[in-house]
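Read off the chains here:
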Amino acid sequence: MTTLIDWVESQAQENLKFRISCLDTILKDCNTTLTILLAGVGVTAAYAFKLLDSKSSETWLLFGVLGVCLYFLVLSGVLLYNCLSIEEIQVPTNEPKNLYQIQFTVLEMREGELKNIQSRIDKAATRNSKVADWLNIVRLLIILSPFIFVISMVVGSCF
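Because the structure is predicted, anything quoted here is derived from the model rather than measured. (Residues numbered from 1 in each chain as written. Predicted model: local features only at pLDDT ≥ 70, side-chain atom pairs only at ≥ 80, totals over all residues. Heavy atoms only, no water.)

**Quick look at the overall build of the chain**
To keep things clear, this is the line we draw: Helix numbers and strand numbers start at the N terminus; a helix is a DSSP run of H or I with at least 4 residues, a strand a run of E with at least 2. All radius of gyration figures rest on C-alpha atoms, and the globule criterion is 2.2 Å times the number of residues raised to 0.38. Each residue is placed in one exposure class: buried if its accessible area under a 1.4 Å probe, protein chains only, is under 20% of its type's maximum, exposed if it is over 50%, and partly exposed if it falls in between. Just so you know, the count uses Lys and Arg for positive and Asp and Glu for negative, and it drops His and the chain ends. Charge coordinates come from a single atom per side chain, which is NZ of Lys, CZ of Arg, CG of Asp or CD of Glu.
If you tally the helices and strands in the chain, you get five helices and zero strands. Helices (α) and strands (β) of the chain occur, in sequence order from the N terminus, as α-α-α-α-α. Against the 2.2 N^0.38 benchmark of 15 Å for 159 residues, the chain shows a C-alpha radius of gyration of 25 Å, more extended than a compact globule. Once the C-alpha set of the chain is aligned to its principal axes, its extents read approximately 80 × 25 × 20 Å. Here the chain holds 159 residues, and 30% of them are scored as buried. In the chain, 13 side chains carry a positive charge and 15 a negative one; their mean positions are 5 Å apart.

Next up, the structure:
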């Protein structure tokens, strides 16, 4: 029995450590995407200010650039809120105050801890999935930026 529980414990620990490292990778991708979006905000804002300063600027062009700038800002906010908000990170092991229970045998404690590890694995998997899904959504929405430019341009040409 102890051979089985030893093996299951080691597999559970590896599983949880893998999910934590996946979260690190996903968050790095989120930060890279945020950097790209904020660079887009900076470039489009600078171009909009240049157009505003120019006396011969076309209104439709200004509206198109401002539309993309605001779009990138909104996407940055979505990314920050849904992906980069600080949330609970599952730890691979339990705390000593929870593990030191003299009223239970070591085997009972280890079996109980396996249930706790499974719960942490489930929470980590859920968070990883949520963050990855939102990151994919934001990345797909970035592709729509030319359409946002055209829509903003059409709206701007009405003025």
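Once the structure has been displayed, the description carries forward.
**Structural notes on a nonpolar patch on the surface**
For the record, the criterion: The patch calculation keeps residues exceeding 30% relative accessible area without a salt bridge and links them within 9 Å when they carry like charges or within 5 Å when they are nonpolar (Val, Leu, Ile, Met, Phe, Trp, Tyr). For accessible areas, the Shrake-Rupley method is used with a probe of radius 1.4 Å. Any residue's cover is judged against the shown protein chains and nothing else. Only one rule defines a salt bridge in this text: a Lys or Arg side-chain nitrogen within 4 Å of an Asp or Glu carboxyl oxygen.
Side chains of Trp134, Ile137, Leu141, Leu144, Phe147, Ile151, Val155 and Phe159 sit close together on the surface and give an oily, nonpolar patch of about 770 Å² of accessible area. Among the elements of the structure, α4 (106–142) and α5 (145–157) are those that each provide at least two residues to the nonpolar patch. Among the secondary structure elements, tryptophan 134 is positioned in helix α4. Given the relative accessible area of 30%, tryptophan 134 is considered partly exposed.

**Comments concerning the nonpolar core**
The condition is simple: To form a nonpolar core, buried Ala, Val, Leu, Ile, Met, Phe, Trp, Tyr and Cys residues must be joined to one another through side-chain atoms within 4.5 Å. In this description, contact between two residues means that some pair of their heavy atoms is separated by no more than 4.5 Å.
By size, the foremost hydrophobic cluster in this structure holds 18 residues, and its most contacted members are Cys30, Leu37, Phe72, Leu79, Cys83, Leu84 and Val131. Of all the secondary structure elements, the ones that give two or more residues to this core are α1 (2–53), α2 (59–82) and α4. Top contributing element to this core by residue count: α1, with seven residues. Leucine 37 has contacts with Phe72, Leu75, Ser76, Leu79, Val138 and Ile142, leaving out every residue within four places of it along the chain.

**Examining the pattern of salt bridges**
Following the criterion strictly, the structure yields seven salt bridges and no others. With a closest N to O distance of 2.1 Å, arginine 110 and aspartate 6 form a salt bridge. One end of the pair, arginine 110, is in helix α4; the other, aspartate 6, is in helix α1, with 104 residues separating them in the sequence. Exposure remark for aspartate 6: the relative accessible area of 39% places this residue in the partly exposed category. Across the salt bridge formed by arginine 120 and glutamate 113, the nearest N and O atoms sit 3.0 Å from each other. Side by side, arginine 120 and glutamate 113 carry an identical accessibility label, which is buried. Here the salt bridges do not stand alone but share partners, grouping Asp6, Glu9 and Arg110 into one network.

**Considering the packing of α2 against α4**
To be explicit about the condition: Think of each axis as a best-fit line through the C-alpha atoms, taken over the contacting stretch in the case of a helix, with angles from 0 to 180 degrees between the N-to-C directions. Angle categories: roughly parallel below 35 degrees, roughly antiparallel above 145, roughly perpendicular from 65 to 115, and oblique for all the rest. By the convention adopted, Pro, Cys, Tyr, Trp, Phe, Met, Ile, Leu, Val and Ala count as nonpolar, Lys, Arg, Asp and Glu as charged, and the other residues, Gly among them, as polar.
Where α2 meets α4, the closest approach of the two axes is 10 Å, and the angle between their N-to-C directions is 175°. Compared by their axis directions, α2 and α4 come out roughly antiparallel. Side by side, α2 and α4 meet where Tyr71, Leu75, Val78, Leu79 and Asn82 of the first sit next to Lys130, Val131, Trp134, Leu135, Val138, Leu141 and Ile142 of the second. Its residues assigned to classes, the contact of α2 with α4 shows 10 nonpolar, one polar and one charged.

**Observations regarding the environment of serine 76**
By the secondary structure assignment, serine 76 is in helix α2. The buried category is assigned to serine 76, whose relative accessible area is 3%. Serine 76 sits 60 residues away from asparagine 136 along the chain, and the two C-alpha atoms are 13 Å apart. The contact partners of serine 76, leaving out residues within four places of it in the chain, are Leu34, Leu37 and Leu38.

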